[in-house]
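A structural walkthrough
Each chain is listed here by its residues.
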Amino acid sequence: RANKSDEEKLMRLLKYLNGARRLGIVLGGDENNELNLQAYSDASYGIHADAKSHTGLFLTLGRGPILRKSYKQKSVTKSSCEAEILALSDMVSIAIWIKDMYRDMSTTPDFTMNIYEDNMAAIHLVSNGMSTSDRSRHIHIRNNYVGQFVENGQIKVIHCPTKNMIADILTKPLGVSQFLYLRDYLLGYKIPKKGCVMGNTI
């Protein structure tokens, strides 16, 4: 059921890909040239026609992506906070698996993995729990799933302002300047210092 607007968007995309065909992915360590596994999770609330939200996930060893995902959420959520919790729970599932694999493949002892999130309400809920009185069951389960890994110290959820949230580029269209800024970090042309320079640990 494509329409004229869809055609225009497709042509714009093809023109961008043609102009950016020389761009590649740069992989490496962090600003100290050390491998530092860290993740970014973001969601755009209710942006689809059926009111579902969109998730963006980004995982890196310091520079460039070892995993990135962009997809429509399967459930309709009642707030941006709930949409962020769905995205965060998906990120935790992947992060714990990769963290364990990374530890097994190297001599690195167990460590706490940082996951960057830009929604303070979501961070508060996964860190402190949430009431079930006005929440649907699947959100409550997802929240507690993330919370158990925060509580046992396997992950640490850190606030990262939206303008520095690399996964934001995977959730919605952005203005040109913000798109180019985040694209450089997504592809590994720039290295996020200390993960997210302006972030605060929760």
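Because the structure is a prediction, the values reported are computed rather than measured.

**Observations concerning the nonpolar core**
- In terms of nonpolar packing, the biggest core is built from 26 residues, with Leu-37, Leu-59, Met-91, Val-92, Ile-94, Ile-115 and Ile-155 touching the most fellow members.
- At the level of secondary structure, the elements contributing two or more residues to this core comprise β2 (54-60), α2 (80-105), β4 (113-117), α3 (120-128), α4 (137-151) and β5 (155-159).
- For this core, the element with the most residues is α2, which contributes 10 residues.
- Core analysis: the second largest hydrophobic core is formed by 14 residues, Phe-58, Tyr-116, Cys-160 and Leu-186 among them.

**Observations regarding the pattern of salt bridges**
- The final tally for this structure, using the stated rule, is seven salt bridges.
- Here the residues in one salt-bridge network are Lys-99, Asp-100, Arg-103 and Asp-110, joined through shared partners.

**A few points about the packing of α2 against α3**
- Running from N to C, α2 and α3 cross one another at 60°; their axes reach a closest spacing of 8 Å. With respect to α3, the axis of α2 lies oblique. Two packed elements cross with a definite hand, and for α2 against α3 that hand is right-handed. In this structure, α2 contributes Cys-81, Glu-84, Ile-85 and Leu-88 to the contact, and α3 contributes Ala-121, Ala-122, Leu-125 and Val-126.
- Counted by class, the contact of α2 with α3 contains seven nonpolar, no polar and one charged residues.

**Quick look at a nonpolar patch on the surface**
- On the surface, Leu-10, Met-11, Leu-13, Leu-14, Tyr-16, Leu-17, Leu-23 and Tyr-189 cluster together to form a nonpolar patch covering roughly 700 Å² of accessible area.
- Structurally, Leu-14 can be placed in helix α1 (residues 4-19).
- Since its relative accessible area comes to 44%, Leu-14 is described here as partly exposed.

**A few points about the packing of α3 against α4**
- In contact at an axis separation of 7 Å, α3 and α4 are set at 70° when each is read in the N-to-C sense. What the angle tells us is that α3 and α4 run roughly perpendicular. Across the interface between the two elements, Leu-125, Val-126 and Ser-127 of α3 pack against Asn-143, Val-146, Gly-147 and Val-150 of α4.
- Residues that form the contact of α3 with α4 fall into these classes: four nonpolar, three polar and no charged.

What counts and what doesn't
- Residues numbered from 1 in each chain as written.
- Predicted model: local features only at pLDDT ≥ 70, side-chain atom pairs only at ≥ 80, totals over all residues.
- Heavy atoms only, no water.
- Core = buried A, V, L, I, M, F, W, Y, C linked by side-chain atoms within 4.5 Å.
- Buried < 20%, exposed > 50% of the residue type's maximum accessible area, 1.4 Å probe, protein only.
- Helix = DSSP H or I, 4+ residues; strand = E, 2+ residues; numbered from the N terminus.
- Salt bridge = Lys/Arg side-chain N within 4 Å of Asp/Glu carboxyl O.
- Axes fitted to C-alpha atoms, helices over the stretch in contact; angles between N-to-C directions.
- Parallel < 35°, antiparallel > 145°, perpendicular 65-115°, else oblique.
- Left-handed = near helix turned anticlockwise from the far one by under 90°.
- Contact = heavy atoms within 4.5 Å.
- Nonpolar A, V, L, I, M, F, W, Y, C, P; charged D, E, K, R; others polar.
- Patch = residues over 30% accessible without salt bridge, like charges linked within 9 Å, V, L, I, M, F, W, Y side chains within 5 Å.
- Areas by Shrake-Rupley, 256 points an atom, 1.4 Å probe, with all protein chains shown as cover.

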